[in-house]
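Chains, contacts and geometry: an overview
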Amino acid sequence: MKIGIPKEIKNGETRVSLLPKAVASLTQQGHQVYVQKGAGHLIGISDEDYQKKGARLLPSLEKIYEKSQLIVKVKEPQKQEYKYFRENLKIFGFFHLAANPYLKKQLLKTKITALAYETLQNKKGETPLLKPMSQIAGRLSISLGDRFLQSHEGGKGLLLSSLGKTPGANVLVLGGGNVGQAAAELAYAMGAKVKILDLYPQKLKNWSKTFKKIKIFRSSPSQIKKQLTKSDLVIGAVHQAGKKTSRLITR
């Protein structure tokens, strides 16, 4: 198969879809891998790193789409890429189509095969390609929350972590999935007082076994309102597969 790795063009996106070691694995299996020049520069991977592993460099996004049967991306195709869509082309990447109906229409119109990382499940019903991104997001939420609790950032002037006999901040996590779990684990490890709200009893049961000192509640509009008034930092971690996330906090 001819596989293309384009340079990401979404604003703020610095990642690249495949590392050189993955390219080496593919080329050893007989596939041809094309990499757009500069695709890995923002994370410290040179064009030569890819060439050494068997990739062929191409100068532009247009050439990557033209030569490839399968495009492997990180983020969803941007509007500049729609003109390269064609029937029988396959694109592998994050799509999040619930928030982008126009992209969905373009994919249907051109009869592309779109393989969305966030929807692919294993036999247990888990989403292994989405999980690591969710874990990163959960941890980053605590890191950023800690920053914005500082007074010079407009916050209360609180440390998220405890200090001696001084307790840490009150952290409320809405949703007990991969994002919520990663956020709660880090906040708890830092010494914050953590509460989790979730709809599903089995998740709540599993949480209570793992974290003895984290307070867990079944989510409801009244419970959310009650806990918001007692919280210093709130992490929104609710995910609804294939849908826009419900608005849980109205103001």
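Scroll up a little and you will see the structure.
Summarised in this report is the structure supplied together with it. No experiment lies behind these values; they were computed from the predicted model shown.

Turning next to the packing of aromatic side chains. Using the criterion set out here, one finds 5 aromatic pairs in the structure. Ring centres 4.7 Å apart and planes at 55° place the aromatic pair F92 and Y117 in the tilted group. A residue pair is termed long-range when its members are at least 10 positions apart, and F92 in strand β5 (residues 90-93) and Y117 in the loop between β6 (113-116) and α5 (131-148) qualify at 25 residues. For F92, a relative accessible area of 23% gives the class partly exposed. With a relative accessible area of 11%, Y117 lands in the buried category. Ring geometry for F94 and Y117: centres 4.8 Å apart, planes at 75°, overall edge-to-face. Of this pair, F94 sits in the loop between β5 and α4 (101-110) while Y117 sits in the loop between β6 and α5, placing them 23 residues apart in sequence. Of the two residues examined, F94 and Y117, each falls in the buried class. Three or more aromatic residues link up through ring pairs in this structure, and these residues are Y82, F85 and Y102.

Here the focus is α4. When we look at burial in α4, the residues that qualify are L103, Q106, L107 and T110. For α4, the buried positions fall inside an angular range of 100° around the axis, keeping them on one side. Turned more than 90 degrees from where α4 packs its buried face, K105, L108 and K109 sit exposed. Those residues of α4 that are buried lie in contact with β6. Of the residues one or two after α4, K111 is the one with positive phi, at around 60°.

Moving on: the sheet that holds strand β8 (residues 193-198). With parallel pairing, the 4 strands of this open sheet are ordered in space as β9-β8-β7-β10. Taken across any chain shown, the strands that pair with only one partner, and hence form the sheet edges, are β9 (215-218) and β10 (233-236). Neighbour to neighbour, the strand axes of the sheet diverge by 20° on average, direction disregarded. Seen against the sheet, helix α8 (residues 221-228) touches β7 (170-174), β8, β9 and β10 and runs at an angle of roughly 165° to β8.

Moving on, we get to helix α1 (residues 20-28). Residues of α1 that are buried: P20, V23, A24 and L26. For α1, the buried positions fall inside an angular range of 165° around the axis, keeping them on one side. Among the exposed residues of α1, those oriented more than 90 degrees off its buried face are K21 and Q28. Against the buried residues of α1 lie β1 (2-5), β2 (32-36) and α2 (47-52). Backbone geometry just after α1 places G30 at a positive phi near 100°.

Within this structure, the stated rule accounts for 8 salt bridges. For E76, the salt bridge identified is with K75, shortest N-O distance 4.0 Å. Each member of the pair E76 and K75 is classed as buried. In this structure, K156 engages D232 in a salt bridge whose closest nitrogen and oxygen atoms are separated by 2.7 Å. Highlighted residues: K156 in the loop between α5 and β7 and D232 in the loop between α8 and β10, separated in sequence by 76 residues.

All right, on to a positive patch on the surface then. Taken together, the side chains of K193, K215, K226 and K230 make up a positively charged region of the molecular surface. Looking at where K230 falls in the secondary structure, it is placed in the loop between α8 and β10. Under the relative-accessibility criterion, K230 is labelled partly exposed at 42%.

Each value, and the rule that gives it
Residues numbered from 1 in each chain as written. Predicted model: local features only at pLDDT ≥ 70, side-chain atom pairs only at ≥ 80, totals over all residues. Heavy atoms only, no water. Phe/Tyr/Trp six-rings, centres within 6.5 Å; stacked < 30°, edge-to-face > 60°. Helix = DSSP H or I, 4+ residues; strand = E, 2+ residues; numbered from the N terminus. Buried < 20%, exposed > 50% of the residue type's maximum accessible area, 1.4 Å probe, protein only. Arc of directions from axis to C-beta. Contact = heavy atoms within 4.5 Å. Pairing = 2+ DSSP bridges. Axes fitted to C-alpha atoms, helices over the stretch in contact; angles between N-to-C directions. Salt bridge = Lys/Arg side-chain N within 4 Å of Asp/Glu carboxyl O. Patch = residues over 30% accessible without salt bridge, like charges linked within 9 Å, V, L, I, M, F, W, Y side chains within 5 Å. Areas by Shrake-Rupley, 256 points an atom, 1.4 Å probe, with all protein chains shown as cover. Lys, Arg positive; Asp, Glu negative; His and termini not counted. Charge placed at Lys NZ, Arg CZ, Asp CG, Glu CD.

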